[in-house]
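The chain contents come next:
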Amino acid sequence: MQEFLQNNQSEMLELLEKLVNIDSGSTSKEGIDKIGAILSKEYRSIGFAVQVIEEEEYGNHLIIQHPMASDPKVIIVAHMDTVFPNGTVEVRPFRVEGNRAYGPGVIDMKASQVSILYAMKALIHTRSNAYRDVVLVLNSDEEIGSPSSKTLIESKAQGKKYALIMEPARKDGSLVTARRGKGKYTISVKGRAAHSGIEPEKGRSAIEELAHKVIQLHALNDHSKGISVNVGLIEGGSSVNTISDSAVAHVDIRITEQEQAIPIERKLEKICASSDVKGTEVELVGEMNRLPMEKTEQTESLLHVIERVGEKIGLEVKDTATGGGSDASFTAAMGIATVDGMGPVGGNAHSEKEYLEIPSLTERTELLAKTIVALGK
């Protein structure tokens with residue numbers, strides 16, 4: 001298998017270049033669907049069945065498995081969208097410098113798309129039937145919280161024993177066995193406009209009310225327990241000499257344990273249930289859209305399988321926890337043994353300096369393929 005992958009490394013890089021050089025930000029349905037069309041063709045060429053889940057607002061999702069698959073135990077999840085807007089590729093297309101490849105989405109996570117495909121090819125090449133034991137979910141909206149794919153992932157994960165999530169490995173090659181949960185909320189305040197010089201007493205400042213809410217929200221931070229509350233964006237008012245009649249705050253919540261979700265939501269609701277500035281109205285909208293991925297006994301067992309596979313191919317497998325969210329939270333919340341970071345190694349995701357460690361492309365593909373084999377035993 002190793003020889004097969006090494007012999008196909010240049011072909012893998014060619015496909016990666018093709019994928020990277022297509023703008024496919026979360027709001028670019030056209031670009032994401034181009035990526036989906038390329039991957040669909042590739043999988044069909046090796047005998048896999050591809051189901052296209054049509055979406056109007058977002059890119060289409062793909063469900064892929066072999067026609068001879070019978071009650072597969074493993075679900076593999078990978079997203080096709082990036083965080084970069086249209087036009088990014090024109091400014092900085094795919095390029096290779098030494099042992100690294102660069103470009104928008106190269107590690108998060110177009111290299112993973114190549115890795116999954118070639119893991120399937122490697123299994124077929126080595127006459128292993130393990131490719132029949134997986135279902136692939138390639139979704140289009142992970143970078144914006146998976147609004148249209150969450151239920152799809154959960155439905156396809158039903159009854160599965162293992163979930164391998166293809167976010168990139170950390171810079172040091174570590175897999176991810178724990179992630180913080182994430183919530184997004186919007187607080188909208190309605191006040192009453194008035195001229196700040198002529199009749200300020202007639203106004204009711206939405207910005208003042210929002211300021212009270214920001215202070216109360218930030219008081220909820222408890223970093224020792226892994227609870228983070230951040231008002232990261234505010235907007236409001238119409239001019240400097242007008243008492244503001246509207247203001248909005250966008251709030252990011254992070255939690256470490258699933259049991260923290262309900263209490264923090266109740267605290268938010270209590271803060272927004274009344275106003276501190278008389279005559280203003282407060283509305284709270286949002287949800288904890290990703291529960292934490294906690295390191296469970298099932299996760300430990302799955303990790304040990306991957307570690308043993310790594311030992312056999314000369315690859316040290318380590319694991320870590322991270323604060324970022326991913327689709328791993330959905331499968332983990334269902335009680336499925338879940339390991340994330342199964343993609344190639346790289347770093348600086350979501351930035352101009354995003355890169356892939358090229359040697360890891362074949363190494364992590366072999367790890368993925370042989371892990372699938374091991375899970376079938």
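What comes next is a walk through the structure. Since this is a predicted model, take the numbers as computed values, not measurements.

It is worth spelling out the overall build of the protein chain at this point. The secondary structure content of the protein chain amounts to 11 helices and 18 strands. In summary, the protein chain has a C-alpha radius of gyration of 23 Å against a globular reference of 21 Å for 377 residues, a match within 12%. Seen through its principal axes, the protein chain has C-alpha atoms that stretch 80 × 45 × 35 Å. Counting all 377 residues of the protein chain, 53% fall into the buried class.

With that settled, consider the pattern of salt bridges. In this structure the tally under the stated criterion is 19 salt bridges. The salt bridge involving Glu-357 is made with Arg-100; its shortest N-O contact spans 3.0 Å. Of this pair, Glu-357 sits in strand E18 (residues 355-357) while Arg-100 is found in strand E5 (residues 100-102), placing the two residues 257 residues apart along the sequence. The class for Glu-357 is partly exposed, based on a relative accessible area of 22%. For the salt bridge of Glu-142 with Arg-290, the shortest nitrogen-to-oxygen distance reads 3.5 Å. Remark: Arg-290 occurs in strand E14 (residues 281-290) and Glu-142 occurs in the loop between strand E6 (134-139) and helix H6 (150-157); sequence separation between them is 148 residues. On the basis of relative accessibility, which here comes to 4%, the residue Glu-142 falls in the buried class. Put simply, Glu-11, Glu-42 and Lys-121 are held in one network by salt bridges that share partners.

Over its 12 residues, helix H2 (residues 9-20) extends 16 Å from the first C-alpha to the last, a length consistent with the 16 Å expected when each residue adds 1.5 Å. The set of residues buried in H2 consists of Met-12, Leu-13, Leu-15, Leu-16, Leu-19 and Val-20. All buried residues of H2 lie within an arc of 160 degrees about the axis, which places them on one face of the element. Residues of H2 that are buried make contact with helix H1 (2-7), helix H3 (29-45), helix H4 (88-91), helix H5 (106-125), E18 and helix H11 (358-375).

Turning our attention to the sheet that holds strand E9 (residues 181-190). Adjacent strands of a sheet pair through backbone hydrogen bonds, lying either parallel or antiparallel. Ordered in space as E11-E13-E9-E14, the four strands form an open sheet in which the pairing is antiparallel. At either margin of the open sheet sits one strand with a lone partner, and together these are strand E11 (228-236) and E14. Taking each pair of neighbouring strands and ignoring which way they run, the sheet shows an average axis angle of 15 degrees. Relative to E14, E9 is paired through eight bridges, and the arrangement is antiparallel. Looking at the pairing, Ile-187 lines up with Leu-284 of E14. Sheet contacts for helix H7 (residues 206-218): E9, E11, strand E13 (246-255) and E14; angle to E11, the most-contacted strand, approximately 170 degrees.

The subject of this paragraph is the packing of H5 against H11. Taken N-terminus to C-terminus, the directions of H5 and H11 make an angle of 55 degrees; their axes are 8 Å apart at the nearest point. With respect to H11, the element H5 is oriented oblique. When the axes of H5 and H11 are compared, the crossing they make is right-handed. Contact residues: H5 offers Ala-111, Ser-115, Ile-116, Tyr-118, Ala-119, Met-120 and Leu-123, while H11 offers Leu-361, Arg-364, Thr-365, Leu-368, Ala-369, Ile-372 and Val-373. Partitioned by chemical class, the residues of the contact of H5 with H11 number 11 nonpolar, two polar and one charged.

Turning our attention to the sheet that holds strand E1 (residues 49-53). The strand order across the open sheet formed by six strands is E1-E2-E6-E3-E7-E16, and the pairing between neighbours is mixed. For this open sheet the edge positions go to E1 and strand E16 (337-339), each flanked by a neighbour on one side alone. Along the sheet, successive strands turn relative to each other by an average axial angle of 20 degrees, direction set aside. Where E1 meets strand E2 (residues 61-65), five bridges bridge the pair, whose relative direction is antiparallel. Of the residues in E2, the one forming a bridge with Ile-53 is His-61. Lying over the sheet, H6 contacts E1, E2, strand E3 (74-79) and E6, oriented at roughly 180 degrees with respect to E6. Docked against the sheet, helix H9 (residues 297-312) engages strand E7 (162-165) and E16, running at close to 55 degrees with respect to E16.

What counts as what
- Residues numbered from 1 in each chain as written.
- Predicted model: local features only at pLDDT ≥ 70, side-chain atom pairs only at ≥ 80, totals over all residues.
- Heavy atoms only, no water.
- Helix = DSSP H or I, 4+ residues; strand = E, 2+ residues; numbered from the N terminus.
- Rg over C-alpha atoms; globule rule 2.2 N^0.38 Å.
- Buried < 20%, exposed > 50% of the residue type's maximum accessible area, 1.4 Å probe, protein only.
- Salt bridge = Lys/Arg side-chain N within 4 Å of Asp/Glu carboxyl O.
- Expected span 1.5 Å × (residues − 1).
- Arc of directions from axis to C-beta.
- Contact = heavy atoms within 4.5 Å.
- Pairing = 2+ DSSP bridges.
- Axes fitted to C-alpha atoms, helices over the stretch in contact; angles between N-to-C directions.
- Parallel < 35°, antiparallel > 145°, perpendicular 65-115°, else oblique.
- Left-handed = near helix turned anticlockwise from the far one by under 90°.
- Nonpolar A, V, L, I, M, F, W, Y, C, P; charged D, E, K, R; others polar.

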